[in-house]
Amino acid sequence: MAPSKKGKAKAEKAEPTQSSKNDSKFPSSIRSVPPSSVAITIHAKPGAKSSSITDFSEVAVGVQIDAPAKDGEANAALLDYISSVLGVKKRQVSIGSGSKSRDKVVIVEEITLQSVFDALKKESKC
């Protein structure tokens, strides 16, 4: 009898942790980080002819970068491109994780989730 009670308890605990109102309005590839930052999950594609946003989905924002993937050149170009798309200073944008991977988390400070969503959506339609 004890195992069945544990199963019910786990099922009951799982329900309150589902997505909040913010998650339904914005894709999970962009999320708010307290107090005033936004984390963007990015799939980088270095070595392209020009920098642009290729995909904007729930999983990640696809960004092709016009720099090679060596000596941190693509990371620097990615941060420059993201800062120009979002209209923020370069010092407000940093790589939170994935500096040696194509899948990265970029942190943008002092910006709202809505403004990041609008800027990325606008740039991905061009």
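Residues numbered from 1 in each chain as written. Predicted model: local features only at pLDDT ≥ 70, side-chain atom pairs only at ≥ 80, totals over all residues. Heavy atoms only, no water.

1. Details of the overall build of the protein chain
And then number 1: Helices and strands together make up the secondary structure of the protein chain, namely 4 helices and 6 strands.
And then number 2: In the protein chain, the succession of α and β elements from N to C terminus is α-α-β-β-β-β-α-β-β-α.
And then number 3: Per-residue burial over the protein chain gives 34% buried out of 126 residues.
And then number 4: Within the protein chain, contacts between residues at least 6 apart in sequence are counted, and of these 48% link residues at least 24 apart.
And then number 5: For the protein chain, the accessible surface area stands at approximately 8100 Å², while carbon and sulfur atoms represent 52% of it. (Helix = DSSP H or I, 4+ residues; strand = E, 2+ residues; numbered from the N terminus. Buried < 20%, exposed > 50% of the residue type's maximum accessible area, 1.4 Å probe, protein only. Contact = heavy atoms within 4.5 Å. Areas by Shrake-Rupley, 256 points an atom, 1.4 Å probe, with all protein chains shown as cover.)

2. Considering the confidence of the model for the protein chain
And then number 1: Averaged over every residue, the pLDDT of the protein chain is 85; the share at 70 or more is 80%.
And then number 2: Here helix H1 (residues 2–14) stands out as the element of the protein chain with the lowest mean pLDDT, 48, in contrast to strand S6 (residues 103–109), whose mean of 97 is the highest. (pLDDT = per-residue confidence, 0-100.)

3. Digging into the nonpolar core
Grouped burial of nonpolar side chains is what soluble globular proteins tend to show.
And then number 1: Formed by 29 residues in total, the largest nonpolar core has its most connected members in Ile40, Val63, Ile82, Leu86, Val108 and Leu120.
And then number 2: The set of elements that each furnish at least two residues to this core consists of strand S2 (37–45), strand S3 (52–56), strand S4 (61–64), helix H3 (73–86), S6 and helix H4 (113–125).
And then number 3: Element by element, the count of residues in this core is highest for H3, at 8 residues.
And then number 4: Among residues more than four places away in sequence, those in contact with Val108 are Ser36, Ser37, Val38, Ile40, Ile82, Leu86, Val88, Gln92 and Val93. (Core = buried A, V, L, I, M, F, W, Y, C linked by side-chain atoms within 4.5 Å.)

4. Some words on the environment of Ile40
And then number 1: Position of Ile40 relative to the elements: it lies in strand S2.
And then number 2: By relative accessible area, which is 1% here, Ile40 ends up buried.
And then number 3: Each C-alpha atom of the pair Ile40 and Gly96 lies 9.4 Å from the other, and the pair is 56 residues apart in sequence.

5. A closer look at H3
And then number 1: For H3, with 14 residues, the first-to-last C-alpha span of 20 Å sits near the 20 Å given by 1.5 Å per residue.
And then number 2: Of all 14 residues that make up H3, 10 are buried, and the element is covered over most of its length.
And then number 3: Listed as buried for H3 are Ala74, Asn75, Ala77, Leu78, Leu79, Tyr81, Ile82, Ser83, Val85 and Leu86.
And then number 4: Those residues of H3 that are buried lie in contact with S2, S3, S4, strand S5 (93–97), S6 and H4.
And then number 5: Downstream of H3 by a residue or two, Gly87 has a phi angle that is positive, lying close to 70°. (Expected span 1.5 Å × (residues − 1).)

6. Side note on H4
And then number 1: Taking 1.5 Å of rise per residue, 13 residues should cover 18 Å, and H4 covers 19 Å from first to last C-alpha, within 8% of that figure.
And then number 2: If you check which residues of H4 are buried, you get Leu113, Val116, Phe117, Ala119 and Leu120.

7. Focus: the environment of Val108
And then number 1: The topology assignment puts Val108 in strand S6.
And then number 2: In this structure, the C-alpha to C-alpha distance between Val108 and Leu86, residues 22 residues apart in sequence, is 9.1 Å.

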